Amino acid sequence: MIHRLLVVGGANGIGLAIAQEMARRESTEKVYIVDKASLQDFYAHQKIESFEFDLTNEDYLFFDRFSDIDGLMITAGFGRLSLFKDVTEGHIIQSFNVNTIPVLRLVKKFYDKLESEKDFYCGVMVSIAGWMSSPFFAVYGATKAALKIFIESVNVELLKAGTTNQILNVSPGSIKGTGFYAGKTDLDVLKQLANCIISHLEVKDDVFIPQYEAVYREVLGRYAEDFRKEGMHSYDYKLKSKR
């Protein structure tokens, strides 16, 4: 059971939904939110303490203040639908500097807790785009594919070290109720998914793919059979759906 959770990227979207659901629990003592954006006053809660921090900052000594946490959830990240030929070099660099490198740095920062005999709960929002080719999302998919392999590799190292702690890879497809596609955060829409993520986090699962049985088992199966054909299907689907 998580008592003191740090949500990195928790000022909006699924990160905010997780923070809010945790704050409602009687057993929760504290929820820290760290985000580049400020937490809106509307979402203030007596158990929530928010901080503003840019994850591209070179100095991560900022995170030393969270030595009391027993849970870490990293939800920060962004993406933009665009053909690779149309993205700028700056977008490539920024994508990895926000989506990927901070996750590795934060896991490193709290690795002693992960490797400890004490329970520590850690999760990362990855993406189904990190599991297969995703045309129009080549850069975003690459940042998430790197996280997938990183998490799988470190989880083996943790098992071999003798701890039961694992990093949860949360890999959804499109999530309704977030601002990912320039929309607004809708906590009512996100509540169920947020609680599902918390549940998987607390039992120390290593993978959670929302709608796996309904959608992604078949998609991943098709991808394994013929990744070229499924990539073409993904290309056409994005054009048709305009996302």
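What counts and what doesn't
Residues numbered from 1 in each chain as written. Predicted model: local features only at pLDDT ≥ 70, side-chain atom pairs only at ≥ 80, totals over all residues. Heavy atoms only, no water. Helix = DSSP H or I, 4+ residues; strand = E, 2+ residues; numbered from the N terminus. Rg over C-alpha atoms; globule rule 2.2 N^0.38 Å. Buried < 20%, exposed > 50% of the residue type's maximum accessible area, 1.4 Å probe, protein only. Contact = heavy atoms within 4.5 Å. Phe/Tyr/Trp six-rings, centres within 6.5 Å; stacked < 30°, edge-to-face > 60°. Pairing = 2+ DSSP bridges. Axes fitted to C-alpha atoms, helices over the stretch in contact; angles between N-to-C directions. Core = buried A, V, L, I, M, F, W, Y, C linked by side-chain atoms within 4.5 Å. Salt bridge = Lys/Arg side-chain N within 4 Å of Asp/Glu carboxyl O.

Trainee: How should I be thinking about the overall build of the protein chain in this particular structure?
Mentor: In terms of regular secondary structure, the protein chain is built from eight helices and seven strands. Taken over C-alpha atoms, the radius of gyration comes to 18 Å for the protein chain, in line with the 18 Å a tight globule of 243 residues would show. Counting over 243 residues, the protein chain shows a buried share of 49%. In the protein chain, the proportion of contacts linking residues at least 24 apart, taken out of those at least 6 apart, comes to 70%.

Trainee: Could you clarify how one ought to interpret the packing of aromatic side chains in this entry?
Mentor: The description of an aromatic ring pair rests on the distance of the ring centres and on the angle between the ring planes. All chains considered together, the criterion is met by 15 aromatic pairs. Consider the rings of Y32 and F66, whose centres lie 5.0 Å apart with planes at 55 degrees: the pair is tilted. Of this pair, Y32 sits in strand β2 (residues 30-35) while F66 sits in the loop between β3 (48-52) and β4 (71-74), and the two are 34 residues apart along the sequence. When the centroid spacing of 4.5 Å and the interplanar angle of 10 degrees are considered together, the rings of F53 and F62 count as stacked. With a relative accessible area of 9%, F53 lands in the buried category.

Trainee: Help me out: how do you make sense of the sheet that holds strand β6 (residues 167-170) in this one?
Mentor: Two orientations exist for strands paired in a sheet by backbone hydrogen bonds: parallel and antiparallel. Across the sheet, seven strands lie side by side as β3-β2-β1-β4-β5-β6-β7; this open sheet has parallel pairing. In this open sheet, the two strands that pair with only one neighbour each are β3 and β7 (207-208). Here β2 runs beside β3; their pairing, made up of five bridges, is parallel. Bridge pairing links Y32 to E49 in β3. Against the sheet, helix α6 (residues 187-202) touches β4, β5 (121-125), β6 and β7, its axis set at about 135 degrees to β5.

Trainee: How should I be thinking about the nonpolar core in this particular structure?
Mentor: Generally speaking, nonpolar side chains in soluble globular proteins are found buried as a group. If you look at the biggest cluster of nonpolar residues, it comprises 31 residues, and the most contacted ones within it are L6, F63, F66, L72, F110 and I167. For this core, the secondary structure elements donating two or more residues are β1 (4-8), β2, β4, α3 (101-109), α4 (111-115), β5 and α5 (138-161). Counting residues per element, this core draws most heavily on α5, which supplies five residues. Counting residues in each nonpolar core, the second largest holds 29 residues, with I2, Y121, V170 and L201 among its members.

Trainee: Help me understand the pattern of salt bridges in this model?
Mentor: Close approach of charged atoms allows side chains of opposite charge to pair. Under the definition given, this model contains twelve salt bridges. In this structure, the salt-bridge partner of K36 is D54, at a minimum N-O distance of 3.9 Å. Highlighted residues: K36 in the loop between β2 and β3 and D54 in the loop between β3 and β4, separated in sequence by 18 residues. Residue class for D54 comes out partly exposed when judged on its relative accessible area of 30%. Salt-bridge contacts for E213 lead to R217; the nearest nitrogen and oxygen are separated by 2.7 Å. With E213 and R217 both in helix α7 (residues 212-225), this residue pair falls four residues apart, about one helical turn. With a relative accessible area of 55%, E213 lands in the exposed category. One network of salt bridges, with partners in common, ties together R4, E29 and D68.

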